[in-house]
Structures are given as structure tokens and as C-alpha cells.
Amino acid sequence: MIDESAAWRELEAHAGDLGRRHLHELFAAESDRQPRFTRHAAGLTLDLSKQRWSAETLARLLALAEQAGVPDAIGRLLDGERVNVSEDRPALHTALRLPADASLVVEGEDLVPGVHRTLDRMAAMVERFHAGQWRGATGRAIRDVVNLGVGGSDLGPLMVTHALSDYRLDDVHPVEVHFASTMDGSQLADYLRRLNPETTLFVLSSKSFTTIDTLSNANTARDWLMGRLAGEEGVDAELIMRQHFIGVSASAEKMGEWGIDPAHRLEFWEWVGGRYSLWGAIGLPIALMVGMDNFRALLAGAHAMDRHFREAPLADNLPVLLALAGIWNVNFLDIRAHSILPYDGRLEYFAAYLEQLEMESNGKSVTHDGREVNYATCPVLWGQLGPNAQHAFYQLLHQGTQAVECDFIAPLRRYDDVEDAATRRHLKGQHRLTLANCFAQSRVLMLGDDAIADDGPRPGHKRYRGNQPSSTLLLDELTPAILGSLIALYEHKVFVQATIWGINPFDQWGVELGKKIAGETQRILESRQGLASMDASTRALIEAAWAAEGDS
Ligand code: F6P
């Protein structure tokens, strides 16, 4: 394992020395820290100078990356090798964003034509909706599309549609896109109250088409449509199913079993992982909202990052550098918490998206060959809009006892196209205020008391320790292309860390047991049989649920 390597042992020794030094010392010692630790690519500027490392640290981490075979691993990933070892398949989310004139032959088949056939089918569907030609069973044009999906079949499209809200297609026939994911039906119930069944269509998004959360929502939606429309003149169940459902899955068979019309199925491949799937058919809600041109721009931006990932030397490679900062913090500074702090309200779902991308990919403790790791892997990762988090958990970041790595993310330009001059001035003022807070917070987290002009001794509750490491990612502007490169940056960062840790970022066996046990608990709850097989706590919980049912 990687911790048996010389590079790892040297980093441990190095951490023993450097780990004790404060960030303000490191800045004082290296006048060229900022240019040394800042890189640019694909519309992104990554400033890693507030990480608790030195030039020597980075050199040793790069040696570790070489030792772990990162350069070869990058090639194997992008060329479609079976890097998903436990499921014996490639992980080719990058193939979904290859341009039409590219070619990627994997095991004898060029995948690019199929990728673009899907994009063309998506384009045709989007065109029909926006021309007002997708009509419901009663002949009225569809106006509301509700995506039913969870995890990778929800978070990607949800995050991107919010991030690109400035790019909404407000053409002749606008289409509103909504998302319902939770198995308890909360979101769906709200839509069923508010939407018109005649003009509502459901996109049933599920790679497996077996996820109970999504199938529960889908069954409720189907019965809502049947109940409200089946009695109409000339409307039968088959017409309702055809005109009010689109299926997106890797399983055509299961879509057919559920009743999705063959003409309204979008398929994707087993070699696309759920949390890596927004770039293909799962991205239909994105394309419906922003149009196919902007969706293709998103793909092109991710492809630009893919090219950078493949071509840039490790020392200039943004995903590699971001990954190594994390490795240094987790494995050598024992910093096991990581917070994602976007300073842009359009990225309100970005942290939630990364929670799945990072922790479902790297929340692992067994290497490819089945050995238990004896070092830390993925940290606990969470996040919130930065400005709002300043009023939520920044107290802990500044004066708590936890060391936390923070990622600050902000766009350099905003609001240029606001027409009204006075409003544009105000909003640009708010953008400047937001940047000021973003920069100030990373500065105080780094310097602590040293960030404040010395006004004499302060009582303990007013002192700031500082020395919290952070990265700052500046987007030239939040455009479809730059959002694509931002997302791809994190996808590849996750892959580099997994490569160094020797774990598989593309499977998720850990979520299977919960699903199985939930089935058992559901059977007991519903049949009122088998309670004795449960532990005392679960027994009492089930009995409480029964008692509540008894009262209703
Ligand atoms: O959380 C487990 C998981 O399989 C995720 O990997 C996936 O994104 C989500 O459930 C939904 O799965 P599906 O797209 O098959 O419904």
C-alpha cells in the first residue's frame, strides 16, 4: 500500500517539522508563495497558497503521485480501461463530453457515435418541448417537467439547472423544470398539489430503474395522472403513459416493464457511474431548461478540463494539485473535515453535489485487492453558500477545536448583462461585497489574530488561532463551459486521490446493505410479523410507529 512507500514515509517526517509551522510563518518565509501555488486552466484560477505546505511539501507530494502511478492512471481512465475493478468496467463519464469528431475505441467499439446519437435524441426532445409540440393526453402542450430521481439521478441536474439559471431558455414556449427525489413524497406531494396534470410530464431518471425512492415517487405520479386524466374523452392509460413519461436509464428492459413507451426512453451505458452521469441522458432536465446549445457548452467546458487533466504536467495540473492538497491535509496533518463554500447563490447545490461525488466515491476503506487500509481516506465533506455559512458554522471554523480544510469558490465577473443601470450598479456592488467577504474569510482563517492590527492583548474568547488551510477557486465567470470545467475538476481530483489511496472511486457497495435492511424493516412494519428478530431499539421504534398508526 502507498503508506509503505519511501515518498509517504518522507512526507510523514516532513510533516513532523512543517506541520508545526503557522501559515503566517510560511507566508513570511516564502515571498513568492502566491505565484508558486497558483495555477490557471479552462477558465479557472486555483490559489493553493493558503494551504499549510511549502515548496518542499509539494515536491514530495508530486513524488508521491508519481509513486502511486497517477500519470498512467489518468491515461487508463480516459482511454476506457476497466478502472472500476470491482464491477469490471470502465468509468467513461469523460466519453460523454467528447466532441463529435473525436473517436474513442474501447474493446473494439468507437463509443463517440453512440454518445452523439443520444445527444441528438435529447436535442429532438428539447426541440419538441420548446416548440410546444409535446402534448399531453388531452392535447395540451406540456409546460412542467418533474424529474423523479435520487442521488446521481437528481443532484447533478439539480445543481446545474440552478447554477445556470441565468441561461434559462425563455423562448416561445418555456418549460419549467422541477425535481422530486425524496422517498417520503414531500416534494412530489407539493407538485401534485400545484401542477396541472394535463400539462405535466415526469422524467423517470434511474440508472438501475430499481431504486425504491424513485419508483415510489413514479407510482404515485402515475396514479395521480390516471386518476385525473383517464376519464377524459379519448384518453386511455396507454396514451397517458406515452405522453406524460420519459424514462432515462441503463436498463431498457426495466423501463419497458414499468411502462415507458419505447419512443420516449433515453438509455445510457453501464460504464457511466450514477454520480458521474449528468453529462448524458440524465442531463435531459438541464437541456430542457437551458437549451441544447448551452448543454453542449457545458460538455465542452468539461472536455477542456479533461484535456488539461491528460496533458498538463502534474506540477501544473489543477485536479492533481487540488487532490494533493487534500492528501496532505488528511494523511499528514490529520485534518479530516472539508468544507465547500461557494460565494455565489447560483451554486447553492454545489456542496450537496460534491457530498455524493466525493464521499460516495472515496468513502472507502478497502483497496482494490481487498486489503483494509491503515490510513485515512475521504474526509467528512459538507458545505453551504459561503455568505450564509458565515452566519451558521464559521464560528466553529474560526474558534472551534476542529481543523477544517475549506474550498472557497467565487466568480470574478457577474451582472454585466443587467439592463437597468441603477440595478446593475447595486448588484455589482453586492458582488464586490461578496468577493470581499470570500477573500476576508480565507485571510482570517489563515492568519487568525495576525489579520487584525494589533490593538493589545485580547481575552481568550476574542482570540483567533488561524492556521486553517484553504483553497480559493476563482471562475472567470459562471458560464456553462466554466461550470463544466469546475465539475470535471472535482471529478478528476476525486480520481487522483483514489489512485493514491489505492481505492475504487467508481463503485458504492456500502449503500447496498442499508437498502436490504430497509426492505426487512418495511416488511415487519407492514405485516406486523417478525418483530422478535429486531434489536431492542428497532423493536421499540417499530412499536411506536404501530401505536401512531393505531391512533390515526
Ligand atoms: O446511493 C446509491 C445509488 O446507487 C447512487 O450511486 C445513485 O446515484 C443513486 O443510488 C440512484 O441510483 P439510480 O440512478 O439507479 O436510481
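Residues numbered from 1 in each chain as written. Predicted model: local features only at pLDDT ≥ 70, side-chain atom pairs only at ≥ 80, totals over all residues. Heavy atoms only, no water.

Asker: How would you explain the overall build of the chain if you had to name every residue and give the values?
Answerer: Looking only at helices and strands, one finds 21 helices and 13 strands in the chain. For the chain, whose C-alpha radius of gyration is 25 Å, the value lies close to the compact-globule estimate of 24 Å for 552 residues. Overall size of the chain, expressed as C-alpha extent along the three principal axes, is 80 × 70 × 60 Å. Here the chain holds 552 residues, and 55% of them are scored as buried. Partitioning the intrachain contacts of the chain with sequence separation of at least 6 by distance along the chain shows that 73% fall at a separation of at least 24. When the 53 positive and 75 negative side-chain charges of the chain are each reduced to one mean point, those points stand 3 Å apart. (Helix = DSSP H or I, 4+ residues; strand = E, 2+ residues; numbered from the N terminus. Rg over C-alpha atoms; globule rule 2.2 N^0.38 Å. Buried < 20%, exposed > 50% of the residue type's maximum accessible area, 1.4 Å probe, protein only. Contact = heavy atoms within 4.5 Å. Lys, Arg positive; Asp, Glu negative; His and termini not counted. Charge placed at Lys NZ, Arg CZ, Asp CG, Glu CD.)

Asker: How would you sum up the site of the ligand? Please name residues and give values.
Answerer: Taken together, 14 residues lie near the ligand, and Ser153, Ser206, Ser208, Thr211 and Glu360 sit nearest. In this structure, Gly152 approaches the ligand through a main-chain N or O atom, which is 2.7 Å from an oxygen atom. Here the ligand has 390 Å² of accessible area as a free molecule, and 87% of this is covered by the chains. Broken down by class, the residue content of the shell around the ligand amounts to 2 nonpolar, 8 polar and 4 charged. (Near = heavy atom within 4 Å. Polar contact = N/O pair within 3.5 Å; in protein donor to acceptor, adjacent residues only side chain to side chain. Areas by Shrake-Rupley, 256 points an atom, 1.4 Å probe, with all protein chains shown as cover. Nonpolar A, V, L, I, M, F, W, Y, C, P; charged D, E, K, R; others polar.)

Asker: Can you tell me about the environment of Glu270, naming the residues and giving the values?
Answerer: Along the polypeptide, Glu270 turns up in the loop between β9 (265-267) and α12 (284-290). Each C-alpha atom, one on Glu270 and one on Ala250, is 6.2 Å from the other, the two residues being 20 residues apart in sequence. Sequence-distant contacts of Glu270, that is, excluding residues within four places in its chain, are made with Arg89, Lys207 and Ala250.

Asker: Go over the packing of aromatic side chains with me, naming the residues and quoting the values.
Answerer: Following the criterion strictly, the structure yields 15 aromatic pairs and no others. Ring centres of Phe37 and Trp53 lie 5.5 Å apart, and the angle between their planes is 25 degrees; this geometry places the pair in the stacked category. Residue Phe37 is located in the loop between α3 (33-36) and β1 (38-41), and its partner Trp53 is located in the loop between β2 (44-47) and α4 (55-67); the two are separated by 16 residues in the primary sequence. Taking relative accessible area as the criterion, Trp53 reaches 0% and is therefore assigned buried. Among the aromatic residues, those joined into a ring-pair cluster are Trp8, Trp328, Phe332 and Tyr375. When the ring centre of Trp134 is taken as reference, the NZ or CZ atom of Arg128 above it lies at 4.0 Å. (Phe/Tyr/Trp six-rings, centres within 6.5 Å; stacked < 30°, edge-to-face > 60°. Lys NZ or Arg CZ within 6 Å of the ring centre and 35° of its normal.)

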